[in-house]
Amino acid sequence: LSDNDKLGVDGYGADDYGPFSLSIKRWPRPADACADAEKLSFKGDTIVQRGSTLGLTNTLDISAAGCVGKATPMAEAFYQVELEAGKTYHFKLEADLFVDVDALYLLSSCQAPAQSCVKGAVYSSGGVPKVSFSYTPTVTGTVTVVVDQTDSYMADEGAYTLTISR
């Protein structure tokens, strides 16, 4: 929050009063464009990255024929990670409650993203969105990890946890 931001707290009904707890969390703002993807590094065998799509824009739309099987018309966050050939990596995206960040995919290039998707998945059933898949690259190199959304509801924007393990 900046000096000019204001925060209001209100009850649901006339009888809603009394003590309450308010927590405000701020996560680092992820990259909003593929070319600016934040480089992530393993700490041991795991990367855990908290993030939020709130305030980001839609700079990439993988078509319905793309690697997640649906269009992705909402804001996305971009990360890069170095992967070694022949090792299996596990990718997991978990959205916070009431947030529908529901697509996760890997790109080999930002130049032609629709043609360079090497693996992806989308969450497809009720509850808190969780997406996971494994990927074993055939060559050592950097991939771009994209956290995205398939629906255009305002509630889609929000916090998530991205976990990459090897």
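Shown above is the structure to which this text applies.
Residues numbered from 1 in each chain as written. Predicted model: local features only at pLDDT ≥ 70, side-chain atom pairs only at ≥ 80, totals over all residues. Heavy atoms only, no water.

1. Quick look at the sheet that holds strand S3 (residues 77–83)
Okay, step 1: The strand order S1-S3-S8-S5-S6 describes an open sheet built from 5 strands, whose pairing is mixed. Edge positions in the sheet fall to strand S1 (38–39) and strand S6 (117–122), since each has one partner strand and no second. (Pairing = 2+ DSSP bridges. Helix = DSSP H or I, 4+ residues; strand = E, 2+ residues; numbered from the N terminus.)

2. Considering the state of the cysteines
Okay, step 1: In this structure the tally under the stated criterion is 1 disulfide.
Okay, step 2: A sulfur-sulfur separation of 1.9 Å characterises the disulfide bridge that pairs Cys34 with Cys110. Looking along the S-S bond of the Cys34-Cys110 disulfide, the torsion reads about -75°, which is the left-handed sense. Of this pair, Cys34 sits in the segment before S1 while Cys110 sits in the loop between strand S5 (103–107) and S6, and the two are 76 residues apart along the sequence.
Okay, step 3: The class for Cys110 is partly exposed, based on a relative accessible area of 25%. (Disulfide = S-S within 2.5 Å. Buried < 20%, exposed > 50% of the residue type's maximum accessible area, 1.4 Å probe, protein only.)

3. Side note on the sheet that holds strand S7 (residues 130–135)
Okay, step 1: Spatially, the 4 strands line up as an open sheet ordered S2-S9-S4-S7, and their pairing is antiparallel. Two strands bound the open sheet, and with one partner strand each, they are strand S2 (46–52) and S7. Recorded for the sheet is a direction-independent mean angle of 10° between the axes of neighbouring strands.
Okay, step 2: In this sheet, strand S9 (residues 159–165) lies alongside S2 in antiparallel orientation, the contact comprising 7 bridges. (Axes fitted to C-alpha atoms, helices over the stretch in contact; angles between N-to-C directions.)

4. Side note on the nonpolar core
Okay, step 1: Among the nonpolar cores identified, the biggest contains 27 residues, and Phe91, Leu104, Val145, Val147 and Ile164 are the most heavily contacted of them.
Okay, step 2: Every element with two or more residues in this core is listed here: S3, strand S4 (89–95), S5, S7, strand S8 (141–148) and S9.
Okay, step 3: Each residue touching Ile164, except ones within four places of it in the same chain, is listed here: Leu40, Phe42, Asp45, Thr46, Ile47, Val81, His90, Phe91 and Val145. (Core = buried A, V, L, I, M, F, W, Y, C linked by side-chain atoms within 4.5 Å. Contact = heavy atoms within 4.5 Å.)

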